[in-house]
Amino acid sequence: MSTSITLTRPDDWHLHLRDGAMLSAVLPETARDFARAIIMPNLVPPVVTGAQAAAYRDRIMAALPEGMAFEPLMTLYLTEDTDPADVAAAHASGLIKAVKLYPAGATTNSASGVRDFDKVRGVLEKMAEIGLTLCVHGEVTDNDIDIFDREAVFIDRVLDPVRRATPGLRVVMEHITTRDGVEYVRANDRDLGATITTHHLIINRNHILVGGIKPHYYCLPVAKREEHRLALRDAATSGDERFFLGTDSAPHTDANKETACGCAGCFTATNTMPLLAHVFEEEGALDKLEGFASKHGPAFYRLAENSDTLTLVKQNAPVAFPAKIDTADGPVTVFDPGFPVFWKTA
Ligand SMILES: NC(=O)N[C@@H](CC(=O)O)C(=O)O
Ligand SMILES: [Zn+2]
Ligand SMILES: [Zn+2]
């Protein structure tokens, strides 16, 4: 006996595709299941200007295998020198769908991010005026703030003041990891949404640390206590339109993960939809998966839903997903949930 569900084809509202050989290797993993994705701009050097975003978009399309359809939704990396007029022009031409805010030093390739929020006030005001979304990596970087508290402190010290100072600014809190993030979104009924990753619905901080350190479960924001994972599951499966899928699939080679100072990021592009089917079924909420993965994101970004579909089928035996994908830079480990998964895409 097999069960199947057919969804409007999903989109990924937070994705790292990188560049060069890594881009070529990971792009098909996303394009197989997803129609579109918000493409994170944290390359080295970052994608700061409209011209750089256009060139990156062309490199992505050139890397797409024949016969695959995929639309990259481009973003600009906000710096203290970003020109509001360049942002407005890139938005008006349809090239970009969002601007990404990285607090300087918060995560992978964020050195060019923002230190002084007063310096980006003009850009944020322009974005509020034209209705362009700000995607936020929501963690403070102060040395005296515990890494497990950095999201909650960011909401109080940075996000809420910035939103109050810029009425009408549309914000997505990216990859929320805490009950505090869920509650902040629920307490605001306009201009605020949040992405939730696949892996933060599955792991808590014990998975990273108990029984030996697991570098492939290390990402930023770092997974928190179990109560927070449960709050994320509740938000994702609630049907609340303000929460939608952003996988934050973030490939790093095994050599860069399995080392004394390992990179942050989980690579989930390959098996995200089967893992989500497992999680939503476990929560008795398979009927909410389409909203989370395929409908709430387009609604927030004011884009049409995809017109084609994706079917997931439940097998009788566990599905064997590849443990790694090969890239010219070396292997990249695929996120292993640590339990058998019976769902696969048709
Ligand atoms: N999530 C991560 O742990 N890493 C991301 C950056 C980010 O999204 O913060 C990356 O680019 O590797
Ligand atoms: Zn981030
Ligand atoms: Zn990310």
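Residues numbered from 1 in each chain as written. Chains lettered and ligands numbered in written order. Predicted model: local features only at pLDDT ≥ 70, side-chain atom pairs only at ≥ 80, totals over all residues.

If you check an unreviewed UniProt entry, the protein appears there as Dihydroorotase from Thalassovita aquimarina. Per UniProt, the protein carries the Catalytic activity (unreviewed entry) text "(S)-dihydroorotate + H2O = N-carbamoyl-L-aspartate + H(+)". In the Subunit (unreviewed entry) part of its UniProt record, the protein is described as follows: "Homodimer." (UniProt positions renumbered as here; feature names shortened; annotations may be inferred.)

Draft legend 1. The overall build of the protein, seen in detail. If you tally the helices and strands in the protein, you get 11 helices and 13 strands. Against the 2.2 N^0.38 benchmark of 20 Å for 346 residues, the protein shows a C-alpha radius of gyration of 19 Å, consistent with a compact globule. Considering only C-alpha atoms, the protein reaches an extent of 60 × 45 × 40 Å along its principal axes. Buried positions account for 49% of the 346 residues belonging to the protein. By sequence separation, contacts in the protein at least 24 residues apart represent 72% of the contacts at least 6 residues apart. (Helix = DSSP H or I, 4+ residues; strand = E, 2+ residues; numbered from the N terminus. Rg over C-alpha atoms; globule rule 2.2 N^0.38 Å. Buried ≥ 20, exposed ≤ 12 C-beta atoms within 10 Å, placed from the backbone. Contact = placed C-beta atoms within 7 Å.)

Draft legend 2. Structural detail: the site of ligand 1. Around ligand 1 sit His16, Asn42, Thr107, Thr108, His137, Cys219, Leu220, Asp248, Ala250, Ala264 and Gly265, and that is every residue in its neighbourhood. Here the shell around ligand 1 is built from residues that sort into 4 nonpolar, 6 polar and 1 charged. (Near = placed C-beta within 6 Å. Nonpolar A, V, L, I, M, F, W, Y, C, P; charged D, E, K, R; others polar.)

Draft legend 3. Region of interest: the pairing of strand β3 (residues 36-39). Here β3 shows a buried face lined by Arg36 and Ile38 and a second buried face lined by Ala37 and Ile39. Strand direction decides the pairing type here: strand β2 (residues 12-15) and β3, joined by 2 bridges, are parallel. When the sheet's bridge partners are listed, Leu15 is paired in β3 with Ile39. For the crossover that starts at β2, traverses helix α1 (residues 20-31) and ends in the parallel β3, the hand is right-handed. Pairing geometry for β3 and strand β4 (residues 71-77), over 4 bridges, is parallel. From the neighbouring strand, Ile39 faces β4, where its bridge partner is Met74. (Pairing = 2+ DSSP bridges. Right-handed = clockwise from strand over helix to strand, strands pointing away.)

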